[in-house]
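The primary structure of each chain is shown beneath.
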Amino acid sequence: MAVTIDGTTGVSLVQDGVVTAADLSSTLDLSGKTVTLPAGVGGKVLQVHQFSYSPASTFSTNSGDFTEVTGASTTFTPTQSGGFLIIQAVVPCEGYASGTDVHSYTALFDSSTILQSRGFQGDNLGKLGDLIWLPIVGVHNYKLTHGSTSPRTFNIRLANASTSRQTRVRAGEDTITITVWEIAG
């Protein structure tokens, strides 16, 4: 076992250059010391909010514009200004097209501002005469810097490339989730 005595840091006991649990104290005195963490390290989770939504009746849209899924929204209030929010939304749905390929979109909105969208394209065998809904799962992960404790409303919207296409969230089958983590700045 090596013993190091230093006039400024005290006594250090390390066996053969390897630090073991026995070498460590259960407390660390940093009074009067400055500790600098590497860039990107820091912050702590202040709160986590999770919202789940399963529609009572199937929601369907054939709009080329983003249409809010009725009921698929949640309001989150940060506990402090500054820092950031991590928002994750999982949107299981289905797409269909009559006589053409499927082009469906899911989107995560902050009130009326789009944060992120995902597009899905698939070959629809429905153009051969069969009615086939293609399963889609839109996964959104978004980091949002915020500067206040004002409530924010996050919602899910769906769209299609044209009105000959549809996207739906099925009652009793699909559950949309939105999870928000508030991280201290």
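Think of each chain on its own: its residues are numbered from 1, step by step along the sequence as written. Selection of residues for local features in this predicted model requires a pLDDT of at least 70, selection of side-chain atom pairs for listing and counting requires 80 or more, and totals for whole chains, interfaces and linings are taken over all residues. The basis for every side-chain value is the complete set of heavy atoms in the structure, and neither hydrogens nor water enter the calculation.

With that settled, consider the environment of Thr-100. Secondary structure elements are defined from DSSP: runs of H or I of at least 4 residues count as helices, runs of E of at least 2 residues count as strands, and each element is numbered from the N terminus. Structurally, Thr-100 can be placed in the loop between strand E6 (84-97) and strand E7 (102-110). Sequence separation of Thr-100 and Ser-164 is 64 residues, and the distance between their C-alpha atoms is 8.1 Å.

The next thing to look at is the side chain of Glu-182. Residue position: Glu-182 is located in strand E12 (residues 176-183). Think of a polar contact as two N or O atoms within 3.5 Å of one another; within protein, one of them needs to be a possible hydrogen donor and the other a possible acceptor, and neighboring residues in sequence only count if both atoms come from side chains. Polar side-chain contacts of Glu-182 include one of 3.2 Å to the backbone nitrogen of Gln-80. Contact definition: two residues touch when any of their heavy atoms are within 4.5 Å. Excluding residues within four positions of it along the chain, Glu-182 makes contact with Lys-44, Val-45, Leu-46, Gln-47, Phe-76, Pro-78, Thr-79, Gln-80, Phe-84, Leu-85 and His-146.

A few words on the environment of Ile-132. Turning to its location among the elements, Ile-132 is positioned in the loop between strand E8 (113-122) and strand E9 (134-145). When a residue's accessible area, from a 1.4 Å probe over protein chains only, is under 20% of the maximum for its type it is buried; when over 50% it is exposed; and in between it is partly exposed. Among the residues examined, Ile-132 registers a relative accessible area of 25% and is labelled partly exposed. Note: C-alpha distance between Ile-132 and Ser-98 (34 residues apart in sequence) is 9.6 Å.

Turning next to the environment of His-49. For His-49, the position within the fold is in strand E3 (residues 45-53). On a C-alpha basis, the gap between His-49 and Thr-74 in space is 9.3 Å, while along the polypeptide they are 25 residues apart. Not counting the four nearest positions on each side in its chain, His-49 is found in contact with Thr-74, Thr-75, Phe-76, Ile-178, Thr-179 and Val-180. Reaching out from His-49, the side chain makes a polar contact with the side chain of Thr-74 at a distance of 2.6 Å.

Take the confidence of the model for the protein next. The quantity known as pLDDT measures the predictor's confidence residue by residue, on a range of 0 to 100. Counting all residues, the mean pLDDT for the protein is 82, and 73% of those residues have values of 70 or more. Ranking the elements of the protein by mean pLDDT puts strand E2 (residues 10-14) last, at 50, and strand E5 (residues 67-76) first, at 97. pLDDT under 50 marks residues 24-28. Its contacts with residues more than four places away, or in other chains, come to one contact.

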